[in-house]
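# Reading the structure
Given next are the chains, with one letter for each unit.
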Amino acid sequence: AGEAPDRVSAADIVSAARSRLGPGAERVSSETVADVELWAPRGLVAEAVANLLRNALDASADGRPVQLAVRVDAPWARFVVSDEGVGMSKEQLARAGEPFFSTKGVGAGMGLGLFVARALAEQLGGRLQLTSKVGEGTRAEFVLPVASPEMRSRAV
């Protein structure tokens, strides 16, 4: 999408993702358990994480909090977005990430956020994992590889 990968810290991605949120941003609590360096396009990854946060905020419209945490399970960095919202049925969960599929009402989204996040994660050697239960909420894990020593030595 025109943005080259570069060295970027997980904390920087969290900060950039939070800055992209509009109303409801105050409901997001974030915790960077471990800050690691990634080799990734900063803006694209930040937008993908921001989209996951927007989905969580929309699903928790009654004002419930949304959590964003960064966990490291070498060699992976996990951006974990959790909500206590409406959750998804097994059928919805099976379709989540399909282009133009959305659980939101008409005009409330195009159904591309999860699709783009999954495609980006896979392009970068990672994955997007979703778990959800109706009435209990959803957990999205945007998983990317931690930068290797060779990547870390590249010029910024």
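Residues numbered from 1 in each chain as written. Predicted model: local features only at pLDDT ≥ 70, side-chain atom pairs only at ≥ 80, totals over all residues. Heavy atoms only, no water.

## Comments concerning the overall build of the protein chain
The helix and strand tally for the protein chain stands at five helices and seven strands. Along the protein chain, from the amino end to the carboxyl end, the secondary structure elements read β-α-β-β-α-β-β-α-α-β-β-α. For the protein chain, the residues scored as buried account for 40% of the 156 residues in total. Long-range contacts, defined here as pairs at least 24 residues apart, represent 68% of the contacts in the protein chain between residues at least 6 apart. Surface exposure of the protein chain reaches about 8100 Å², of which carbon and sulfur atoms provide 53%. (Helix = DSSP H or I, 4+ residues; strand = E, 2+ residues; numbered from the N terminus. Buried < 20%, exposed > 50% of the residue type's maximum accessible area, 1.4 Å probe, protein only. Contact = heavy atoms within 4.5 Å. Areas by Shrake-Rupley, 256 points an atom, 1.4 Å probe, with all protein chains shown as cover.)

## Overview of the pattern of salt bridges
Taken as a whole and assessed by the stated rule, the structure comprises eight salt bridges. Here Arg-42 and Asp-12 are joined by a salt bridge, their closest N and O atoms 2.7 Å apart. Taken together, the residues span a long stretch of sequence, with Arg-42 in helix H2 (residues 42-59) and Asp-12 in helix H1 (residues 10-19) at a distance of 30 residues. Look at Asp-12 and you get partly exposed, because its relative accessible area is 27%. Each of Asp-73, Arg-78, Arg-139 and Glu-141 takes part in one network of salt bridges that share partners. (Salt bridge = Lys/Arg side-chain N within 4 Å of Asp/Glu carboxyl O.)

## What to know about the packing of H1 against H2
The N-to-C vectors of H1 and H2 enclose an angle of 60°; their axes lie 8 Å apart at closest approach. Here H1 lies oblique to H2, going by the angle between them. Note that H1 runs across H2; the crossing there is right-handed. Taking contact as the criterion, the partners of Asp-12, Ile-13, Ala-16 and Ala-17 in H1 are, on H2, Arg-42, Val-45, Ala-46, Val-49, Ala-50 and Leu-53. Residues belonging to the contact of H1 with H2 are distributed by class as follows: eight nonpolar, no polar and two charged. (Axes fitted to C-alpha atoms, helices over the stretch in contact; angles between N-to-C directions. Parallel < 35°, antiparallel > 145°, perpendicular 65-115°, else oblique. Left-handed = near helix turned anticlockwise from the far one by under 90°. Nonpolar A, V, L, I, M, F, W, Y, C, P; charged D, E, K, R; others polar.)

## A short note on the packing of aromatic side chains
A complete count under the given rule lists one aromatic pair for this structure. Lying across the ring of Trp-76, Arg-127 places its NZ or CZ 4.8 Å from the centre. (Phe/Tyr/Trp six-rings, centres within 6.5 Å; stacked < 30°, edge-to-face > 60°. Lys NZ or Arg CZ within 6 Å of the ring centre and 35° of its normal.)

## Description of the sheet that holds strand S4 (residues 66-73)
Strand order in the open sheet formed by five strands is S2-S4-S5-S7-S6, and the pairing between neighbours is mixed. Bordering the open sheet on either side are strand S2 (28-32) and strand S6 (127-133), each of which pairs with just one other strand. Looking at each pair of strands side by side, their axes are set apart by 15° on average, direction ignored. Where S2 lies against S4, five bridges are found, and the strand directions are parallel. Each bridged residue has a counterpart across the sheet, and for Ser-29 the counterpart in S4 is Gln-67. This element, H1, spans S2, S4 and strand S5 (76-83) of the sheet and lies at about 170° to S2. (Pairing = 2+ DSSP bridges.)

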